[in-house]
There are 2 protein chains.
Amino acid sequence: MAKQLLGKEVTAALNEKIIGQVKELKEKGVSPKLGIIRVGERPDDISYETGATKRCDTLGVEVEKILLPEDVSKEELLAVIDKVNKDDTIHGVLMFRPLPAHLKAVQSEIENALDPAKDVDCMTHLSLAGVFEGKPLGFPPCTPQACMEILDYYGIDCKGKNAVVIGRSLVVGKPAAMMLMGKNATVTVCHTKTVDVPAIAREADILISCAGVLNSLTKEYVRPGQIVIDVSINWDPEKINKKGGKGAIAGDAVFDEVEPIVEAITPVPGGVGSVTTSVLVGHVVEAAMRKFA
Amino acid sequence: MAKQLLGKEVTAALNEKIIGQVKELKEKGVSPKLGIIRVGERPDDISYETGATKRCDTLGVEVEKILLPEDVSKEELLAVIDKVNKDDTIHGVLMFRPLPAHLKAVQSEIENALDPAKDVDCMTHLSLAGVFEGKPLGFPPCTPQACMEILDYYGIDCKGKNAVVIGRSLVVGKPAAMMLMGKNATVTVCHTKTVDVPAIAREADILISCAGVLNSLTKEYVRPGQIVIDVSINWDPEKINKKGGKGAIAGDAVFDEVEPIVEAITPVPGGVGSVTTSVLVGHVVEAAMRKFA
């Protein structure tokens, strides 16, 4: 029976820290604010926006929403970004992506128009360079940082440990690898072209799965003593949901067969995902603190 | 008896390609030019400058040297960088680093003043972001790219292979890891905090050693069938030099014990180092081509 690494415990500790920082800022007359730029009405975006707004409320961080129509032009969107860049009351900006199809070719240009000092969701080249260089140039992506917060909260020392990351995306896999390396782990990155991922995964002391493939992490991938961080949020049409029906969120792990073997594991839901929102809000507060440092 | 992966063969092929590109550019009225910024008279810098200048001459690339006194101010140096940025006849810029001690605190600011389009030696954040993202935003560092050129020239397919990089510097180790991942290798990065590097190194199909520690790569690190790229350039006071005396350049490998075991290995000197200069000149030509594309 593995120890469950619970997002809510990590989030509670993070929130406590953030609330303290917000208090200090407000005593200095600074009220940290997140600007949210949403194009269109995609349900996933709205759902994340609702969660982020609630968390900001809880933590005393203001939110300013800028909602744009699905057919917004590149010029209009760039004008909005220019406005938030110049707005001293907005400290961090979250812009939902991917942008609509007609902006796909210019998405990178639009992303990089944002002032990196406000790039709390790591969408600029400078933020990514910071992750690669291990320097606070912008902000790291929230999801891999949430993984690190979980490791830190539960006192899991990465130094000299073998860490295996399954997935090489720029949003999770590659940044997680850099962050683990920064914590002095010996890091291996596996991906779709890797031969025998299970054998490599079994060598891990710390296993981070961000494949995004339901039921891909089976008992063949694990051994006793491992720490497993299951990052992915997949839809499992067979999983029994809270209402007793079929269809629920699940990670990469076949939880019922992996959990009894390993030492500790994050559940899905209730693991990494729930920490990510507080990491985002923490970035907004950090951005405000950096500005007034 | 291992196959020797010879820098001069790779360089010859690279040079042929570069000469063709220079010819095409000159037919369009463009004469590619490298700007070299050197502060002070450090022998290592002068030696590299001499090598780069000769290689440029051979390949038909112009060189403009900007030599500054050891006590140059930040403002003077920034003015020089501004000038080369605006000079349309200079396509790539090499600035020797580290800068003198009095500029240490502002080195990053000075480095990032260079137009990334001319950053042929990967000193800007944008170039590093490009390496991390796998996009040609600037240019990758020349040394790890030289390793990739060697692998390519000798037809070594990285896809699905286990690659182990010993060293995690921003100049070689981390970029080499990203580039190997881009070639679909499964990459592990070892460093000074790694436990049992030899055991991990023996699992490698492709082993890149950039530890920079003389005699650190012993027979314990290798097995038959491996490709070994020895990146480091160390001074070995005991090695017999060309004149029959003691003292010569050597890599990380104890060559006499590693070479008989592995399948292929780069010698030092005569391996990676000799390819690096042509990679640099190739970047200058690529910068000129990008500008006129």
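Residues numbered from 1 in each chain as written. Chains lettered and ligands numbered in written order. Predicted model: local features only at pLDDT ≥ 70, side-chain atom pairs only at ≥ 80, totals over all residues. Heavy atoms only, no water.

Enquirer: So, the interface of chain A and chain B: which residues are in play, and what are the values?
Expert: The interface is formed by 30 residues belonging to chain A together with 30 residues belonging to chain B. Approximately 2600 Å² of surface area, both sides summed, lies buried where chain A meets chain B, with 65% of it carried by carbon and sulfur atoms. The tally of links between chain A and chain B comes to zero salt bridges. On the surface where chain A and chain B come into contact, there are 15 residue pairs in polar contact (both at pLDDT 80 or more). (Contact = heavy atoms within 4.5 Å. Buried area = accessible area lost by both parts, 1.4 Å probe. Salt bridge = Lys/Arg side-chain N within 4 Å of Asp/Glu carboxyl O. Polar contact = N/O pair within 3.5 Å; in protein donor to acceptor, adjacent residues only side chain to side chain.)

Enquirer: Break down the UniProt feature "binding site: NADP(+)" (unreviewed entry) in chain A for me, citing the residues and quoting the values.
Expert: All names here are of chain A. Taken from the UniProt record, the annotation "binding site: NADP(+)" (unreviewed entry) applies to Gly167, Arg168, Ser169 and Ile233. Tracing the backbone shows Gly167 in the loop between β5 (162-166) and α7 (173-182). What Gly167 contacts, discounting residues up to four positions off in sequence, is Gly173, Val189, Cys190 and Cys210. Tracing the backbone through its elements, the reader meets Ile233 in the loop between β8 (227-230) and β9 (234-240). Among residues more than four places away in sequence, those in contact with Ile233 are Ile249, Ala250 and Gly273. (UniProt positions renumbered as here; feature names shortened; annotations may be inferred. Helix = DSSP H or I, 4+ residues; strand = E, 2+ residues; numbered from the N terminus.)

Enquirer: I'd like a rundown of the pairing of strand β7 (residues 206-209) of chain B, residues and numbers included.
Expert: Sheet faces and side chains relate simply in a regular strand, where the side chains alternate between the two faces. Residue and element names in this part refer to chain B. Of the two faces of β7, the one holding Ile206 and Ile208 and the one holding Leu207 and Ser209 are both buried throughout. Here four bridges tie β7 to strand β8 (residues 227-230), and the two strands are oriented parallel to one another. Its bridge partner being in β8, Ile206 is matched across the sheet by Ile227. (Buried < 20%, exposed > 50% of the residue type's maximum accessible area, 1.4 Å probe, protein only. Pairing = 2+ DSSP bridges.)

Enquirer: Lay out the pairing of strand β9 (residues 234-240) of chain B with the relevant residues and their values.
Expert: All names here are of chain B. Judged from the four bridges that link them, β9 and strand β10 (residues 246-250) form a sheet pairing that is antiparallel. Opposite Asp236, over in β10, you have Ala248 as the bridge partner. Counted between consecutive antiparallel strands, the loop separating β9 from β10 contains five residues, among which Gly244 sits at a positive phi close to 90°.

Enquirer: Account for the relation of the copies chain A and chain B, with residues named and values stated.
Expert: After a rotation of 180° and a shift along the axis of 0.0 Å, chain A superposes on chain B with an RMSD of 0.0 Å. Look at the turn and shift together and you get a two-fold axis relating the two. The share of interface residues of chain A whose copies in chain B are also at the interface is 100%, consistent with both copies meeting through the same surface. (Least-squares fit on C-alpha atoms with pLDDT ≥ 70 in both.)

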